[in-house]
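Each chain, letter by letter, is given below.
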Amino acid sequence: MRLRSVCLREIHIDLIAPFQTSFGTSHSRRVILVEVDIDGATGWGEVVAGEDPFYSYETVETAWHVLRDHIWPILKGRDFRAAADVFDLLAPIRGHNMAKAGIESAIWDAEAKARGIPLWKFLGGTREEIPCGVSIGIQATIPELLAKVEKELAAGYQRIKIKIKPGWDIEPVRALRERWPRIRLMVDANSAYRLEDAPLLKSLDPFYLIMIEQPLSWDDIYDHAALQKQLDTPICLDESIHSAADARVAIELGACRIINVKMGRVGGQTVVRRIHDICQEKGIPVWCGGMLETGIGRAQNVALSTLPDFVLPGDVSASRRYWIEDIISPEVEVTPQGTIRVLSKPGIGYAPKLERIESLTKRKELPP
Ligand code: NPQ
Ligand code: MG
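Residues numbered from 1 in each chain as written. Chains lettered and ligands numbered in written order. Predicted model: local features only at pLDDT ≥ 70, side-chain atom pairs only at ≥ 80, totals over all residues. Heavy atoms only, no water.

A.B. asks: Can you lay out the site of ligand 1 for me, pointing to particular residues and giving the numbers?
C.D. replies: Taken together, 18 residues surround ligand 1, and among them Ser135, Lys163, Asn190, Lys262 and Gly290 come closest. With respect to ligand 1, the side chain of Asn190 contributes an N or O atom lying 2.8 Å from an oxygen atom. Considered on its own, ligand 1 offers 440 Å² of accessible surface; in the complex 97% of this is hidden by protein. Of all the secondary-structure elements, those providing two or more residues to the shell around ligand 1 are β1 (3-21), β2 (24-38) and β6 (159-163). Partitioned by chemical class, the residues of the shell around ligand 1 number five nonpolar, six polar and seven charged. (Near = heavy atom within 4 Å. Polar contact = N/O pair within 3.5 Å; in protein donor to acceptor, adjacent residues only side chain to side chain. Areas by Shrake-Rupley, 256 points an atom, 1.4 Å probe, with all protein chains shown as cover. Helix = DSSP H or I, 4+ residues; strand = E, 2+ residues; numbered from the N terminus. Nonpolar A, V, L, I, M, F, W, Y, C, P; charged D, E, K, R; others polar.)

Have a look at this one:
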């Protein structure tokens, strides 16, 4: 197969509500959409890099530059066997996984469409319905948090994750547990703590959280292993896992008992499948993280979540939790049981709304 053209678009789209984490507050997203033509089949991917280098060093600007000036020259007109070969072709470029994943995922969509099969099946998915959770940002007050959680539970979501940071950790967790003793509850610190905070994190043990996500530094694995030894609550790594090698090291060191898999963070579906297989073999459950994606990235996440070791509810939720109007049709919807059912159309299965995308586009380029 041959990559004939790529179209890069940057769209700006407002979030329904601000989203606050330990590293900042987002009100809207700048999102790069990647449209590819593979032998006449069109595929769509999304770059999940943020506006600022806070979640990771990649940003919208670095991803645009790397896609246009480094990735496209490698892939342009190149003959390759399958989307599964793209990651290794891009190996000369170190890092920049979100940029790589943006184009690889578009190529997977195009290849699945050319073959006339749904992407989730093409990736090796085995589940037609995926369990869903929500990620709830830091709130101004406990009553506001309780109201948010009540709404999501009423919508059917199977698991609640709240963002924590020093000063917003024990109290919100205690309040949630008092109100809902039995729900599946977890916290995500986005690297807001140090190993010296182990006693504080240990004091979360009595609340039987299903996991604590990324308590320590984004570039650490070693201290997480030291912390995990002191905690009964499983640690889940997010920011620290950038490759299959990272996953292997983290598991071997005992740095985590669960891994959050994000296609953008690890560089595309091929690496996701490698990490998935390593985790499955080692008995480590995985789940699909979220990056405030528009419908394109969301649809890609739905497909990945059908792989067999994605046994825990992910941060893959309905379009309407984020956007007044999504950029795909149909929108991603959640059943009253807190699941998303896969579609049976070829590729990602959801159609990009071209007029809406055009109206949100702030920059567009077809590199020669
Ligand atoms: C996480 N996401 O699991 C991330 C963090 C995150 C849904 O909790 C712009 C770009 C804003 C990327 C906010 C969720 C972001 C972002 C949060 C990623 O850690
Ligand atoms: Mg996280």
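Now, onward.
A.B. asks: Explain the pairing of strand β10 (residues 258-261) to me, and be specific about the residues and the numbers.
C.D. replies: Residues Ile258 and Asn260 line one face of β10 and the alternating positions Ile259 and Val261 line the opposite face, and both faces are buried. Looking at chain direction, strand β9 (residues 235-237) and β10 are connected through two bridges and run parallel. Across the sheet, residue Leu237 finds its bridge partner in β10, namely Ile259. Following the chain from β9 across helix α9 (residues 244-253) to the adjacent parallel β10, one finds a crossover that is right-handed. Here β10 runs beside strand β11 (residues 286-288); their pairing, made up of three bridges, is parallel. Bridge assignment links Ile259 to a residue of β11, and that residue is Val286. (Buried < 20%, exposed > 50% of the residue type's maximum accessible area, 1.4 Å probe, protein only. Pairing = 2+ DSSP bridges. Right-handed = clockwise from strand over helix to strand, strands pointing away.)

A.B. asks: Before we move on, could you go through the coordination of the magnesium ion (ligand 2) and cite the residues and values that matter?
C.D. replies: Here the magnesium ion (ligand 2) is held by the protein donor atoms Asp188 (OD), Glu213 (OE) and Asp238 (OD), which lie 2.1 to 2.3 Å from it. Positions of the donor residues of the magnesium ion (ligand 2), expressed as sequence spacing, correspond to D-x24-E-x24-D. Here the residue Glu213 occupies a position in strand β8 (residues 212-213), and Asp238 occupies one in the loop between β9 and α9, the gap between them amounting to 25 residues. Given a relative accessible area of 0%, Glu213 falls into the buried group. (Donors = N, O, S within 2.8 Å, 3.2 Å for Na, K, Ca; no water.)

A.B. asks: So, the side chain of Glu213: which residues are in play, and what are the values?
C.D. replies: In terms of polar contacts, Glu213 uses its side chain to reach the side chain of Lys161, at 2.8 Å. Within the structure, the side chain of Glu213 is placed 2.9 Å from the side chain of Asn260, a separation counted as a polar contact. Not counting residues within four places of it along the chain, the set of residues in contact with Glu213 comprises Lys161, Met186, Val187, Asp188, Ala189, Asn190, Cys236, Asp238, Asn260 and Trp287. (Contact = heavy atoms within 4.5 Å.)

A.B. asks: If you had to explain the sheet that holds strand β15 (residues 361-365) to someone new, which residues and values would you point to?
C.D. replies: Strand order in this open sheet of four strands is β3-β2-β1-β15, and the pairing throughout is antiparallel. Lying at the two open borders of the sheet, with one neighbouring strand each, are β3 (41-47) and β15. Here the average twist between neighbouring strands, direction ignored, is 20°. Note: β2 against β3, seven bridges, orientation antiparallel. Looking across to β3, one finds that Leu33 is bridged to Glu46. (Axes fitted to C-alpha atoms, helices over the stretch in contact; angles between N-to-C directions.)

A.B. asks: So, unusual backbone geometry: which residues are in play, and what are the values?
C.D. replies: Here the amide bond leading from Ser329 into Pro330 is cis, since omega sits at -5°, within 30 degrees of zero. Here Pro330 shows up in the loop between β12 (328-329) and β13 (339-341). Positive phi is not limited to glycine here, since His96 has a value of about 55°. Assignment of secondary structure puts His96 in the loop between α2 (86-89) and α3 (97-115). Backbone geometry places Gln214, a non-glycine residue, at a positive phi of 40°.

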